[in-house]
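# Geometric and topological summary
This is what each chain is made of:
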Amino acid sequence: MSATGGAAVGGGGVPALEATALARSYGDVVAVDGVDLAIREGELFALLGPNGSGKTTTIGMLCCLLRPDRGSASVRGHDVRTDARAAKAVISVVPQETAIAEHLNAWENLRLMGGLHGVPSDEIRTRSEQLLDVLGLAGRADERAKKYSGGMKRRLSIAMALVSDPEVLILDEPTLGLDPQARRGMWEHIASLKGRTTILLTTHYLEEADALADRIAIMDAGRIIAAGTASELKDSIAGGRVTEVRAVGIDGSALEALRAVYPQATPVEGGVDIAGDDVDLYRVQDLLRPLGVTIESIGGTQISLDDVFLTLTGKQWRE
Amino acid sequence: MRTGQLARRNLKSLLRDPLSLGLALVLPVGMLLILIAVGNAVGETEAPWMTATVLTPGIALFGYVMLMFSSAMALSRDRDSALLDRMITTPVSASDFIAGYSLPYLPVALAQTVVLFVIGTFFGLVMVGSVGLVLVVLGLMAVFYIALGMIFGTTLTVNQVSGAYSAVLLLTIFGGAWIDLSALGGAFEAVANLFPFAHALDATRAVMAHGAGLGEIASDLAWVIGYTLAAAAAAVWLFRRQMIR
């Protein structure tokens, strides 16, 4: 699958976020190497990649913090290099680190960010009330943020991005460092924004991208190596399904017999995995039982994004 | 409005750190009282340099050095955290940022100056010339020091800011804050006159002790204005470079 084609905007019109051949190096280290992106209005687009794959540098260029060495990028048609102020007016960013003023309370943090975006005071007040309520911070909104838990700080950080009611929201690893329960809660908040706000989300949690994103681009070593919906990405690998055979007694001859029919059979701990959507479960049993193999379980499962990454890069995903 | 939001936030930071704020007010006062006491002990004939009239403007500059340090630390700390980057992604200009970080320190500088001069009067401070002119010169110097703070905060790490503070403090002392520059003479005096500190002190002391007017201090004032404008412009330029790296 072509990264450019996979990330291409559909339905015509100006994409909310667009990058063409975007590149950036730090000395001899190439952080981003020719990234093409086109994100539709109202879409939740996930940029997925392991640490160091170039996600944060890509985001830095899209939100006008880092100067691209090559290529171009625009936010709702505003070039990030030549029209940065207009581009900044329509975006809001939630950085990877919790970026809040700890000596201010939640109200004051929201007033600060709303004010910097030029939102009138009465609108800031109204939106703050709603956001603090929705994000479960209303009860402690008068306390200084330094007293908040990690999850509360993260929620406040997101509220600070939403107080300007941005057209484009950029979330850089929004759930990094959160416990599983807080992460789930954050997913719900992000999902609730889908459709009305264009969201670019970077994450190195595979399940996060799978659960939230309309489309996903996988980054590795500064390049987008695949893009599409989660289903498209999985289907691109052997039809998107794998048959897991868990059995005792699979030896060389049993594997050879299987591979004669299903060449993609791969030995794994406790059995064999067979990629492909044309595996006949009865035929597998007929092939193995005469060879003394005791089958404990056999069944099909969907390929995961983990498998997609492994297939595309030859590298195991490490979170 | 954007400058106002930023200034309000930074003023709150300042007010919610009462220890730093208190030290910024108390330390210069303590320094003035100690030096006046030493001068009284030695006697004015032996140490004409240690009178309230001569010392007060110098100690005012010392107070501004502390504000420079405090403003530099505030900006540098924000650079260390992700908050400044986040604020930079909003449609706010470099000059708005510099103004927003600087403005909260100006009332503190004014308060320091007023307190020092009020205390000075209790110890024989002479004010022959225009108080307004003295405040103009010192006000410009306060802006200059805070602009230096912005330059250091934009370019240096929190640890490096301490080094810069020491360097500026030394330049201020050797600019004649509480030593007799003319007694040092030669190269010391020549080098000191390349910086605005000596000029600001010469101007304020001339107004206070001899009633000098604008025309008489014009040359010194030009140095102070030149340095202040250059520092403010440099702070905005450097911050603009920081906004996109």
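Residues numbered from 1 in each chain as written. Chains lettered and ligands numbered in written order. Predicted model: local features only at pLDDT ≥ 70, side-chain atom pairs only at ≥ 80, totals over all residues. Heavy atoms only, no water.

## Some details on the overall build of chain B
Helix and strand content of chain B: 12 helices and zero strands. Counted from the first residue to the last, chain B has its helices and strands arranged as α-α-α-α-α-α-α-α-α-α-α-α. The globule rule puts the C-alpha radius of gyration for 245 residues at 18 Å, and the 18 Å found for chain B is close to it. The principal-axis extents of the C-alpha atoms in chain B amount to approximately 60 × 35 × 30 Å. By the burial criterion, 52% of the 245 residues in chain B qualify as buried. Across chain B, every contact between residues at least 6 apart in sequence was considered, and the portion connecting residues at least 24 apart equals 82%. (Helix = DSSP H or I, 4+ residues; strand = E, 2+ residues; numbered from the N terminus. Rg over C-alpha atoms; globule rule 2.2 N^0.38 Å. Buried < 20%, exposed > 50% of the residue type's maximum accessible area, 1.4 Å probe, protein only. Contact = heavy atoms within 4.5 Å.)

## Remarks on the overall build of chain A
Broken down by element type, chain A carries 12 helices and 14 strands. Overall, chain A is about 80 × 45 × 40 Å in size when its C-alpha atoms are taken along their principal axes. Here the analysis covers contacts within chain A between residues at least 6 apart in sequence; of these, 69% occur between residues at least 24 apart. When the accessible surface of chain A is split by element, carbon and sulfur atoms take 46% of a total near 13500 Å². For chain A, the distance from the average site of its 33 positive side-chain charges to the average site of its 44 negative ones is 6 Å. (Areas by Shrake-Rupley, 256 points an atom, 1.4 Å probe, with all protein chains shown as cover. Lys, Arg positive; Asp, Glu negative; His and termini not counted. Charge placed at Lys NZ, Arg CZ, Asp CG, Glu CD.)

## Re the pairing of strand β1 (residues 17-26) of chain A
Residues and elements named next belong to chain A. For β1 and strand β4 (residues 70-75), the ladder comprises five bridges, and the chain directions are antiparallel. Bridging across to β4, leucine 17 finds its partner in valine 75. Pairing analysis gives eight bridges linking β1 to strand β2 (residues 29-39), with the strands arranged antiparallel. Paired with tyrosine 26 across the strands is valine 29, a residue of β2. Turn length for the β1-β2 hairpin, with the two strands adjacent in sequence and antiparallel, is two residues, and the turn residue glycine 27 shows positive phi of about 65 degrees. (Pairing = 2+ DSSP bridges.)

## Quick notes on the pairing of strand β13 (residues 271-275) of chain A
Both faces of the sheet carry side chains from a regular strand, because those side chains alternate between them. Residue and element names in this part refer to chain A. Counting buried positions along β13 gives four out of five residues, so the element sits mostly inside the fold. The pairing of strand β12 (residues 265-268) with β13 spans four bridges and is classified as antiparallel. Across the sheet, the residue bridging to threonine 266 is aspartate 273, located in β13. Adjacent in sequence and paired antiparallel, β12 and β13 are bridged by two residues, among which glycine 270 carries a positive phi angle near 85 degrees.

## Remarks on the sheet that holds strand β6 (residues 91-94) of chain A
Residue and element names in this part refer to chain A. One open sheet holds the six strands; their spatial order is β6-β7-β8-β3-β9-β10, and the pairing between them is mixed. Here the strands that pair on one side only, and so sit at the sheet edges, are β6 and β10 (223-228). With direction set aside, neighbouring strand axes in the sheet form an average angle of 15 degrees. Pairing analysis gives five bridges linking strand β9 (residues 215-220) to β10, with the strands arranged antiparallel. Considered in β10, the bridge of alanine 217 is made with alanine 227. In the packing of helix α6 (residues 150-162) onto the sheet, the strands contacted are β6 and β7 (168-172), and the crossing angle to β6 comes to about 170 degrees. (Axes fitted to C-alpha atoms, helices over the stretch in contact; angles between N-to-C directions.)

## A short note on helix α3 (residues 52-80) of chain B
Here α3 of chain B is 29 residues long and its end C-alpha atoms lie 41 Å apart, about the 42 Å a rise of 1.5 Å per residue gives. Within α3 of chain B, 23 of the 29 residues are buried, which leaves it mostly tucked inside the rest of the structure. (Expected span 1.5 Å × (residues − 1).)

## Considerations on the packing of α3 of chain B against helix α11 (residues 196-210) of chain B
All names here are of chain B. With their axes 9 Å apart at the nearest point, α3 and α11 run at an angle of 140 degrees to one another. Of the two possible hands of crossing, α3 and α11 adopt the one that is right-handed. Only Phe197, Leu201, Thr204, Arg205, Met208 and Ala209 of α11 make contact with α3, whose side of the interface consists of Thr53, Val54, Pro57, Gly58 and Leu61. The class makeup of the residues in the contact of α3 with α11 is seven nonpolar, three polar and one charged. (Left-handed = near helix turned anticlockwise from the far one by under 90°. Nonpolar A, V, L, I, M, F, W, Y, C, P; charged D, E, K, R; others polar.)

## Concerning the packing of aromatic side chains
Residue and element names in this part refer to chain B. Tallied over the full model, the rule gives 11 aromatic pairs over all chains. Note on tyrosine 64 and tyrosine 145: the rings are 6.2 Å apart at their centroids and 55 degrees apart in plane angle, and the pair reads as tilted. On the criterion of sequence distance, the pair formed by tyrosine 64 in helix α3 and tyrosine 145 in helix α7 (residues 131-155) is long-range, its members being 81 residues apart. Judged by centre distance (5.9 Å) and plane angle (85 degrees), the ring pair of phenylalanine 144 and tyrosine 227 falls under edge-to-face. (Phe/Tyr/Trp six-rings, centres within 6.5 Å; stacked < 30°, edge-to-face > 60°.)

## A closer look at the packing of α6 of chain A against helix α7 (residues 180-193) of chain A
Residues and elements named next belong to chain A. Between α6 and α7, the shortest axis-to-axis distance is 11 Å and the interhelical angle comes to 15 degrees. Here α6 is positioned roughly parallel relative to α7, judged by the angle of their axes. By crossing handedness, the relation of α6 to α7 is classed as right-handed. Residues Arg154, Arg155, Ile158 and Leu162 of α6 touch α7, and the partners they reach there are Met186, His189 and Leu193. Each residue belonging to the contact of α6 with α7 can be placed in one class, and the counts come to four nonpolar, one polar and two charged. (Parallel < 35°, antiparallel > 145°, perpendicular 65-115°, else oblique.)

## A look at unusual backbone geometry
Residue and element names in this part refer to chain A. A positive phi angle is found at aspartate 165, which is not glycine, with a value near 50 degrees. Summarising the element assignment, aspartate 165 is placed in the loop between α6 and β7. On the accessibility criterion, aspartate 165 (49% relative accessible area) is partly exposed. At alanine 221, a residue that is not glycine, the phi angle is positive and equals roughly 50 degrees. The exposure class of alanine 221 is exposed, given its relative accessible area of 55%.

## A short note on a nonpolar patch on the surface
Residues and elements named next belong to chain B. Taken together, the side chains of Leu33, Leu110, Val114, Val118, Phe122, Phe123, Val131 and Leu135 present a nonpolar region at the surface, about 730 Å² in accessible area. As for its position among the elements, valine 114 is in helix α6 (residues 105-122). Using a relative accessible area of 42% as the deciding quantity, one classes valine 114 as partly exposed. (Patch = residues over 30% accessible without salt bridge, like charges linked within 9 Å, V, L, I, M, F, W, Y side chains within 5 Å. Salt bridge = Lys/Arg side-chain N within 4 Å of Asp/Glu carboxyl O.)

## As for the confidence of the model for chain A
Residue and element names in this part refer to chain A. Residues at a pLDDT of 70 or more form 92% of chain A, whose mean pLDDT is 85. Highest mean pLDDT in chain A belongs to helix α4 (residues 106-116) (95); lowest belongs to helix α1 (residues 3-7) (41). Below pLDDT 50 for its whole length, residues 1-11 participates in 24 contacts with residues either more than four positions away or in separate chains. (pLDDT = per-residue confidence, 0-100.)

## A short note on the sheet that holds strand β5 (residues 78-79) of chain A
Residues and elements named next belong to chain A. A sheet is described by the order of its strands in space; here four strands give the open sequence β2-β1-β4-β5, paired in antiparallel fashion. The open sheet has two edge strands with one neighbour each: β2 and β5. Of the strands in this sheet, β1, β2 and β4 are in contact with helix α2 (residues 55-62), which crosses β1 at around 120 degrees.

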